[in-house]
Structure formats: structure tokens, C-alpha cells
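# Remarks on the overall topology
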Amino acid sequence: MFIALRDLWRSKLRFSLLAGAVGLLIFLLLFLNTLSSTLLGFFIGAIENNSADVLVYEDTARRNLQASRIDPSAVGEVAAVAGVAAAAPIGELTLTATVDTELTDLSLWGVDLTGPGRPDPIVEGRLPGPGEVVVDESATAEGFEIGETITLVPSGTELAIVGYVQDRRYAVVATAYLGFAQWVGIFEAEFPGSPIVPLSLIGVEIAPGEDPTAVGDRITELVAGVEGLDPVIAAAGTPGVDSISQSFTLIVGITFGIVVLVIGFFFLILTVQKLRSFVTLRAIGASTAYLARSLIIQIVTLVLFGTLIGTGVLLIATLGSNPAFPLSVDGGLVLTVTVAVLVFSVLAGLLSIRRIARADPASAAQGTL
Amino acid sequence: MQLALAEIRRRRGRWASIIGAVAFIVFLVLILAALADGLFIGSTGALRNSDADAFVYSADGRRSLVRSELPIGDLAAVAEVEGVAEAGALGVLLATAATDGDLFDIAVIGHLPAHVGEPTTLTEGRRPQTGERLVGLADVSLREKGIGLGSSVLLTGSAQPVEVIGFVSDARYLLADTLWVTLETWESLRFEIRPETRGRGSVAQAFPIVVADGAAVDTVVAAVDAAFGTTETVTTDEAILSLPGVEQQASTFTAIIVVSFVVVGIVIALFFALITLEKRGQLAILKAIGSSNWLLLRGVLVQALIASVAGYLLGFALSRLLALILPAAVPVEFLAGTARTLFFATIVMGAVGAVLSFRRIIRIDPASALGGEA
């Protein structure tokens, strides 16, 4: 124990180089993870974190909200299914809008403001009334701030922003929520003479004690032409999302493997270089367990320092990140990555320990090392 | 030089570790680049694979093929604008279709046969004739869905099957398989599947244009917008980057690749610095018996280059092996250009790593070999 920390203290340069390298690799891992969760959140946050317990899609839409078109009469049928406490229409329309004189894309959601699918919780401001919307907070980067007015193009409809919700962005564009009746009016202005106003989704609140998946399956079975899904499953099934999340899983997996291998290599080289000292220590009576403990202490200390450095670099990166694509430090993620790297580094270190154990203490006296 | 090579030979274990580390890094970056290229190629084929110099959109469509709408009657006027040699029309309908009960996404793209905008890479069969209804060209990716020449594609919500009469390559749109039909067929499918669009009348969603020989693209682009006032005309490159998600994906991946490369570059450099640090004693002895700084530096550089090249080759081979076992949902595309760039970048990175330990070597005092403090 004592000798392990003394060794670290005496060769500060060598160990700072190592801690720096470990830190950078951990930063890379954290950065990739953060990037992928932010990107995915921008794609499907509105679905994944929806306040409804079950989301109902058209069954041929392949869980693609923009391809899903449900006849409004289906809301009553869904509400009648056992286990459904409430059902409400949800409409989505991607439009062009101006805010602060800038033209921008807007995903506009019409929801029952007190029913399933409502924007909840409102983190700042209040629920929208007529002529008002709440927006996802990330849209502030595009100029959508409380007090600003959104003008829809080309209809000229004006909507005042009165509140924010969080993590409710959809399809990587600014996302706003307003009352369903008003959304219908906007749809009709956008598509004059449309025979029906199709719903994108139906939001369902389940009765207490019911399971979302079971209720979803029951809806799929009993109501023709629709599919009821748990929001998290629906989000994961959104087209393109599995490509993105699989790509990122692959990237993060490979990076993780490399980080662990490289850190393992580091310690292996380090031990090999100190083999002579280790053998001498064994010759004067130190047990292999004692040396192994010292090595593990060094590895743990280094990885912890490395994590501090990596998290620090990530913090700096988040401070400098683009407001339109905010990156944040997730404490749970840092912990998971640290523990995982720690476990695998110690495992890699055990390889070096095997080498110490196998060395013959007598060779220290003979000078054959 | 001899010494450097001999060291690698003698200490195979350690150098195998270093080469292994470089190989993994090269492997990571190659896979990342292949993913980025795969996403880009699969998303943008429909626009890249055309002769168009620029695309005309409606101003409120924000360069989105899906949301832009232009009265089809304006086509003649666009073709009349000075500097426009030829104009075509495009419309896109995102839909689903099924073969053997399996639903898949499909983008039906309406175009004018024999006009600019049609995909240039016909690989099999023939193109639709002007006015020919319910026949189309399929992207070769549709073969995986069991579609061949003469197959019919029936869209969900439609009663009008489209017969496939030819195949084109590299013509996908936003990672969806595409079916290229005449503008008339596209319109009738659109009215059927999206009845709310009937009220908008006959429209196209973009006019691809070819600029006359000798005319500057920028000038013609400005002339079109000036003539209409309600359009936004962009060059083909801008149109590609404006496809939803394409620019974000490209910049996200560039960020990942650059960060990965910088981080692992530094790590490799640290690796070399560490190894030099460990060899201080031996290097001091070499200097004491008369080796010049230059000789030692050259040795380190040669070692770094060998490690980089060997690491690159191994990483390259690994990435190709992984590509064989990847699931189909992961779109990877290996481009020779990317591999070449990375090769040079790896060499440079290895050299930089070596150069970083130069100062340390130069500072070694030969006398320390005697003092035993090294």
C-alpha cells in the first residue's frame, strides 16, 4: 500500500502521462455517449418522454409518426377498450415558421392539454391558452423564447410562446405544443379542402394497476387498423432511430474495447519494466498478494485521476458546445463508464500480476533478469 | 537504424502491443468514417445521382423536397430564364409498401423522363416514357426486398400497383429505397394516399435545372429567384446538405472522427513518450559511447513509422472483417479516398508522436550513464 503510493509520488511525470492518457480516453467514451443520447433525444424525445402511457399508431405506419394517419373516430373506439382510463387525439405537423424574423422549421403538436399526451411537466411558464404554445426548451437556441411570437408561413397565423417543456423535441427541429382544436384549424388552413383531418397518434392513459404493454396489445387486437405501443418501444422503433442507435452502440462498444485494451497495454508495459524491482521485492520476502494489491491500488488511483481529467475535459467541452446542440454531463454515465473501465483495467492488470507471480525470486540474486 | 529495427525484433511483445493499439485506433476511425459515408450516400443518392447544377424550391419549403411546392405551370417559365439550359421537375412521396407481408419504407419520386433530375445510372431494363403511367425505375436496394424486373409494387393505402421496368443504382433518398415514376403517376398516387393534398392542385416539389455552357451557376441561381420572387434556388451541393439530418449527421460524425483522432493521436504520442522515458538509461549509455542525437532521433522516427504502417494495415484488415458481420440496419460504405486520407493521417500521427519525444532524448546527459541515476 505504502510502496504503491510512494512509487506514484516519486515518478510523477510518468504517472501524469498515464493519467492524462487514461483521462483522454475516458473523455472520448463519455463524449460519444453524450453525443449519441443528445442526438437520439432530439429525434424522438417527444415520443419517448410522452406523458401518455400508451401511444396508438396506424398499424401500417411502421411506427413512423409522420406516416401514421388515424381516422378521428378511432379515439372513441380506443377509449372503450378495457384498461383505458382516457384517450385523446394527437396531431403533428411540420411547418415553416418565422420567429424573431428568422425562417425556421417547426414541429407543431396538437394535444389535449389536460389529457394523455399533454406537455407535462411545464418547467417554466404555463399551459398555453388560445393563440399560445409551449415549446421544447432546446428551441431557445433557434429564437423560440417565452414572450416571442411564432408566425406560421404561409398562413400568417400567430402563436405566442408562454412556456417551456424539456426533452420533448421531435425530428431534430424546434417543437411546439398547443390545444388540439387550434391545431385542427392550422391543419385545415395548411391543406384547404382536405376531406378529413387525420390524427398522427392517439394518446392513452391507462387505468391504475394496468400494464402499458398489455393495454397496448389489447388496443392492437380490438381496434382495427391501429397499433398500441409503450412510448419507449415506439420511440426505439421509429425508422432511422435503430440505424442511429445501432451505429452509436457499435461506435461506443468499439471505443470502449479500445480504451480498455490501451489502458491494459499501458499497465502491462509498466509492470514488465518494473519486473526486476518486483522480483527483488519478492526475494526479500514480499508476497505476490502484496505486490498485486500495490498494483491494483496504482491502477485504481490512476483510473480515478483519469476519470477526473476526462470529466473535466467533458465539462469544458459542454461549456463550449453549440446551444443548438447542447451536450451535458450525466453523473450516472460518468459513474458507469468509470466502474466499467475500472473493472476491465484491473482485469488487464491481473495479466501483469500473473507475470510477477511467475518470475522466480532467485533470479534477482543471479542477475539473470 | 539497425539498432531501431533490432529493438523491434527483440522486443516483439511490446511492439506488438503498440502496433495493436494503433491498429485498434485505425479500425475505430475507419468504421466511423464508413458509417458516416454510408449514411451520407444512402441519404443523398436521389439528388447526387443527377445532372442538375441547381434545384429550385418554393421559398417557404425551406429547401425540403417534401415541403416545397411549386405550381407545375411555372416549369416553362423557369426554362425560359436566361442561362437555364434545361429544367425538369421532381416530386417525392414518402410511403410504405409490402412484399410477402413485410412492410418497408419507400420514397416514390416523380420525375420527367428524358429531363434533368432523372437518375443517371440505369443498370438494367428501360426508363419510363413520357406520359407512361404506373411503371417505374427501382433503386437496386429494392432487390433485397424481393423485387425484380416485372414485379409490382403496391403502396400502403393505394389501389394502383406500379410495375418495375428498370433498375438504377445509388438513388436512395434519406435511407429509404426509391421508386422513380413519371410525375403524372406520382400525382395520382399522392392524391390517393394523401387526399388532403388534392386541394393544392398540380404541383412539383422542385425544379432541377442545368445551367447553359459558359453561364455561372451563382448568376443563374440568382436570376431564377429574381424572376419569381417566391422561390429559393440552391446549387446541388447546397441542396444535398439541406436534406433533413444530412448536415447534422455529417457534422456530428466529423466531430466524432476528429475528436477520436486527436485523442488517440495524443495517446499514441504519450505511448512513445513513455517508452522513451523508460529507455533513458540505455539512451544515455548510447550517447556516452558516441551515438549522435541525430542517430537516436532517426531510430525513434523509423520505429514510429513502422508501428504506424503495420498498425494501419492491421486496422484496415480488421475493419473489413467487421463489415462482413454487421447487421443490415448499420449502413456502412468503405471509400478508397477515406482510407487513403486516414493512411497519411496515421503516418503523420506516428511521426508527431516520435517528434514529441525528441526533446527528451536531446536533453539526456551522456554523463548520467556513469552516475547510475538514469
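The structure presented is a predicted model; accordingly, all values stated were derived computationally and were not measured.

Rules used throughout
Numbering of residues starts from 1 in every chain and runs along the sequence as written. All chains are assigned letters beginning with A, and all ligands numbers beginning with 1, in the order in which they are written. Under the rules for a predicted model, residues below a pLDDT of 70 receive no local features and side-chain atom pairs below 80 are neither given nor counted, while totals for whole chains, interfaces and linings still include all residues. Under the scheme used here, helices are H or I runs from DSSP no shorter than 4 residues and strands are E runs no shorter than 2 residues, and both carry numbers assigned from the N terminus. When we talk radius of gyration, it's over C-alpha atoms, and the globule rule is simply 2.2 Å times the number of residues to the 0.38. The exposure scheme places C-beta atoms from the backbone and then counts, for each residue, the other C-beta atoms within 10 Å of its own, assigning buried at 20 or more, exposed at 12 or fewer, and partly exposed in between. Here, strands pair whenever DSSP counts at least two bridges between them. For helices, the axis comes from a line fit to the C-alpha atoms of the stretch in contact; other axes are also lines fit to C-alpha atoms, and the angle between any two N-to-C directions lies between 0 and 180 degrees. Contact between two residues is assigned whenever their backbone-derived C-beta positions fall within 7 Å. Asp, Glu, Lys and Arg are counted as charged, while Ala, Val, Leu, Ile, Met, Phe, Trp, Tyr, Cys and Pro are counted as nonpolar; the rest, among them Gly, fall into the polar class. Domain delimitation in this document rests on an assignment produced automatically or drawn from a domain database.

Quick look at the overall build of chain B now. The helix and strand tally for chain B stands at 12 helices and 13 strands. A globule of 374 residues ought to have a C-alpha radius of gyration of about 21 Å, yet chain B, at 29 Å, is considerably larger. Along the three orthogonal principal directions, the C-alpha set of chain B runs to about 95 × 50 × 30 Å. Sorting the 374 residues of chain B into buried and exposed places 44% on the buried side.

A few words on the sheet that holds strand E3 (residues 84-87) of chain B. Residue and element names in this part refer to chain B. Strand order in the open sheet formed by 4 strands is E3-E12-E1-E13, with antiparallel pairing between adjacent strands. Every other strand in the sheet has two partners, leaving E3 and strand E13 (231-235) as the edge strands with one partner each. On average, each strand axis in the sheet is inclined to that of its neighbour by 30°, with strand direction left out of account. Here 3 bridges tie E3 to strand E12 (residues 207-211), and the two strands are oriented antiparallel to one another. Residue pairing across strands places Ala87 opposite Ile209, the latter belonging to E12. Contacts between helix H5 (residues 217-228) and the sheet are confined to strand E1 (54-58), E3, E12 and E13, with E13 contributing the most and set at about 170° to the helix.

Residues and elements named next belong to chain B. For Ser319, the location among the structural elements is in helix H9 (residues 293-325). Ser319 gets classed as buried once you count the C-beta atoms within 10 Å, which come to 24. For the pair Ser319 and Leu30, spaced 289 residues apart in sequence, the C-alpha separation works out to 6.6 Å. Excluding residues within four positions of it along the chain, Ser319 makes contact with Phe27, Leu30, Ile31 and Ala34.

Here the focus is unusual backbone geometry. Phi is mostly negative for residues that are not glycine, and the peptide bonds are mostly trans. Residue and element names in this part refer to chain A. The omega angle of the peptide bond from Asp120 to Pro121 is 0°, so this bond is cis rather than trans. Relative to the assigned elements, Pro121 resides in the loop between strand E3 (102-111) and strand E4 (124-125). The phi dihedral of Arg62 is positive, around 55°, even though this residue is not glycine. Structurally, the position occupied by Arg62 is in the loop between strand E1 (54-58) and helix H3 (74-79). Owing to 18 C-beta atoms within 10 Å, Arg62 belongs among the partly exposed residues under this scheme. Look at Asp167: it is not a glycine, yet its phi comes out positive at around 55°. Among the structural elements, Asp167 can be located in the loop between strand E7 (158-165) and strand E8 (174-179).

Opposite the 43 residues of chain A that make contact, chain B presents 41 residues. Counting residues per element, the ones that place at least two in the side of chain A that touches chain B are helix H2 (12-48), E3 and helix H7 (241-273) of chain A. For the side of chain A that touches chain B, the element with the most residues is H7 of chain A, which contributes 15 residues. Residue composition of the side of chain A that touches chain B, by class: 28 nonpolar, 11 polar and 4 charged.

Glancing now at the domain arrangement of chain B. Residue and element names in this part refer to chain B. When cut into domains, chain B gives domain 1 (2-43 + 247-371) and domain 2 (45-242). For domain 1 versus domain 2, the distance between C-alpha centres works out to 46 Å. The interface is formed by 5 residues belonging to domain 1 together with 6 residues belonging to domain 2. Of the residues forming the side of domain 1 that touches domain 2, the biggest block, 3 residues, is contributed by helix H2 (residues 12-48). Among the residues forming the side of domain 1 that touches domain 2, the class breakdown is 2 nonpolar, 2 polar and 1 charged.

Frequently, the measure chosen for interface size is the accessible area that the parts lose on association. Structurally, chain A comprises domain 1 (2-43 + 242-366) and domain 2 (54-229). Taking the mean C-alpha position of each, domain 1 of chain A and domain 2 of chain A sit 46 Å from one another.

Attention shifts here to the pairing of strand E7 (residues 135-139) of chain B. Residues and elements named next belong to chain B. Most of E7 sits out of view: 5 of its 5 residues are buried. Of the two faces of E7, the one holding Val135, Leu137 and Asp139 and the one holding Gly136 and Ala138 are both buried throughout. Judged from the 5 bridges that link them, E7 and strand E9 (residues 162-168) form a sheet pairing that is parallel. Its bridge partner being in E9, Ala138 is matched across the sheet by Phe167.

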